[in-house]
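Geometric and topological summary
If you want the building blocks of each chain, they are given just below.
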Amino acid sequence: MTLAAQRQVEPAPAFQAEVRLDGMPTQGALVRGRASPPVTALILDDQPVTLAADGSFVLGFDRDAPAIAILKVRSARAGLSMTDERRLRVAPRAWRLEQVDAAYRPPGFDVRRPAELERIAAARAVATDAQGWRQAFRWPATGRLSGLFGAQRIYRGQPGGYHGGADVALPTGAPVTAPADGVVVLAAAAPFTLEGRLLMLDHGAGLSSAFLHLSRIDVREGEAVRQGQRIGAVGATGRATGPHLHWGVQWRGAKLDPLLVAGAMPVR
């Protein structure tokens, strides 16, 4: 752990060596870590943390995560089960406003949206044994970033929610590839009102990706995909002002910044 990361963590002394974080808890960040015996389970703010056999795990911090997160650490010592806590200081970030020249609610939104949200929720509830969460994530497409994570969006003068992913401006038909190994949990045959043709991957351990506005989807629900495999093509379906890829990442419902998951956009 870096010195800067150490300053953001207030561990109970007994767990200093047993639970290590590789990175700084920050709003929108994915942080990797490793636990060693006698730790048996971890819980972050009431969300279970998947603990692999080798002790590896990931934690996600939402865009609106509070200043302090509580990591509960369960361990077994001398035949007894114990639970202690670590207070993690979550670094705040500043968010900007983005003006979007699109209708806040497209035609037919109120009628179609409940069923779409049910499908999205059902997909996010799927847990697979995918191991992509262990990999270093890659950008699913490279190009100009036209929309940043966390910015509040104003749709033709009407305030909307914050932007839950990163937008990459590319021409229709440009390839979209899997950022890490995963299993397809949603592949929308017909465009959704907002997301357009929507594709979702589960990477395991509560980590998932969503790809919006696609012109084409090249994989099927239930299919296992490998990092770098082509999974679709850029488009402008749904609520979009032009062709681009919206890539969103979540960990157990916490929305993460792709820039803090995959790093800076590669130079083309």
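Residues numbered from 1 in each chain as written. Predicted model: local features only at pLDDT ≥ 70, side-chain atom pairs only at ≥ 80, totals over all residues. Heavy atoms only, no water.

Looking at the overall build of the protein chain
Rules: We count a stretch as a helix when DSSP gives it H or I for four or more residues in a row; a strand needs E for two or more, and each element gets its number in order from the N terminus. The atom set for the radius of gyration is the C-alpha atoms, and the globule formula is 2.2 Å times the number of residues raised to the power 0.38. We call a residue buried when its accessible area falls under 20% of the maximum for its residue type, exposed when it is over 50%, and partly exposed in between, using a 1.4 Å probe and counting protein chains only. Residues are treated as being in contact if the distance between any of their heavy atoms lies within 4.5 Å. Calculation of accessible area relied on Shrake-Rupley with a 1.4 Å probe; when residues are assessed, cover is drawn exclusively from the protein chains displayed. Two residue types count as positive, namely Lys and Arg, and two as negative, namely Asp and Glu; His and chain ends fall outside the count. Charged side chains are reduced to one point each, which is NZ for Lys, CZ for Arg, CG for Asp and CD for Glu.
The number of helices and strands found in the protein chain is 3 helices and 22 strands. Computed over the C-alpha atoms, the radius of gyration of the protein chain is 19 Å, within 12% of the 18 Å expected from 2.2 N^0.38 for a compact globule of 268 residues. With 268 residues in all, the protein chain has 49% of them scored as buried. Here the analysis covers contacts within the protein chain between residues at least 6 apart in sequence; of these, 67% occur between residues at least 24 apart. Element-wise, carbon and sulfur atoms account for 53% of the exposed surface of the protein chain, whose accessible area totals about 12,500 Å². Side chains of the protein chain carry 32 positive and 24 negative charges; the gap between the two charge centres is 4 Å.

Quick look at helix α2 (residues 109-124)
Inclusion rule: One less than the residue count of a helix, multiplied by 1.5 Å, gives the span that helix is expected to have.
In a regular helix each residue adds 1.5 Å, so 16 residues correspond to 22 Å; α2 covers 21 Å between its end C-alpha atoms and thus fits that length. Of the positions making up α2, those classed as buried are F109, R113, E116, I120 and A123. Where α2 is buried, its residues meet β15 (182-187) and β16 (197-204).

What to know about the sheet that holds strand β3 (residues 30-35)
In plain terms, the rule: For two strands to be treated as a pair, DSSP must find no fewer than two bridges joining them. Lines are fitted to the C-alpha atoms to define the axes, a helix being fitted only along its stretch in contact, and any angle between axes, read from their N-to-C directions, falls within 0 to 180 degrees.
Strands sit in the order β2-β3-β6 across an open sheet of 3 strands; the sheet is antiparallel. This sheet does not close on itself; its edge strands, each paired only once, are β2 (19-22) and β6 (56-60). Strand-to-strand twist in this sheet, taken as the mean axis angle between neighbours without regard to direction, amounts to 30°. Of the strand pairs in this sheet, β3 and β6 are connected by 5 bridges, and their pairing is antiparallel. Bridging from a neighbouring strand, G33 pairs with F57 of β6.

Remarks on the pattern of salt bridges
Stated precisely, the cut-off is as follows: Salt bridge criterion: a side-chain nitrogen from Lys or Arg within 4 Å of a carboxyl oxygen from Asp or Glu.
Under the criterion given, the structure shown has 16 salt bridges. A salt bridge links E221 to R119, with the shortest nitrogen-to-oxygen separation between them at 3.6 Å. Of this pair, E221 sits in the loop between β18 (216-217) and β19 (224-225) while R119 sits in helix α2, and the two are 102 residues apart along the sequence. We classify R119 as partly exposed; its relative accessible area is 38%. A salt bridge links D167 to R153, with the nearest nitrogen and oxygen atoms 3.0 Å apart.

As for the side chain of Q250
On the secondary structure map, Q250 appears in strand β21 (residues 244-251). The contacts of Q250, once residues within four sequence positions are left out, are R124, G206, L207, S208, K255 and L256.

A word on the nonpolar core
Test applied: In these notes, a set of buried Ala, Val, Leu, Ile, Met, Phe, Trp, Tyr and Cys residues joined through side-chain atoms within 4.5 Å is what counts as a nonpolar core.
Ranked by internal contacts, the top residues of the largest apolar core, which has 54 residues, are L44, L59, F61, L199, F211 and I231. Among the elements that make up this core, the one with the highest residue count is β21 (4 residues). One finds V185, L186, L198 and L212 within the second-largest nonpolar core, a separate group that totals 10 residues.

So, the sheet that holds strand β14 (residues 175-177)
Spatially, the 3 strands line up as an open sheet ordered β14-β20-β18, and their pairing is antiparallel. Looking at which strands have only one partner, the edges of the open sheet turn out to be β14 and β18. Inspection of the sheet shows β18 paired to strand β20 (residues 230-233) by 2 bridges, in the antiparallel sense. Residue R216 lies in a different strand from β20, and its bridge partner there is A233.

Here we look at the side chain of R63
Basically, it comes down to this: We call two N or O atoms a polar contact when they sit within 3.5 Å, provided that within protein one can donate a hydrogen and the other can accept it, with sequence-adjacent residues counted only if both atoms are side-chain atoms.
Note that R63 resides in the loop between β6 and β7 (68-77). Among the polar contacts made by the side chain of R63, one reaches the side chain of D64 at a distance of 2.8 Å. A polar contact is formed between the side chain of R63 and the backbone oxygen of G150, at a distance of 2.5 Å. Not counting residues within four places of it along the chain, the set of residues in contact with R63 comprises Q27, G28, W95, F149, G150, Q152, Y162 and K255.

A short note on the environment of V58
Assignment of secondary structure puts V58 in strand β6. The exposure class assigned to V58 is buried, which follows from its relative accessible area of 1%. Residues V58 and W133, 75 residues apart in the sequence, show an inter-C-alpha distance of 7.6 Å. Apart from residues no more than four positions distant in its own chain, V58 is found in contact with L30, V31, R32, V49, W133, A205 and W251.

What to know about the environment of L88
Along the chain, L88 falls in strand β8 (residues 80-89). C-alpha of L88 to C-alpha of I70: the two residues are 18 residues apart in sequence and 6.2 Å apart in space.

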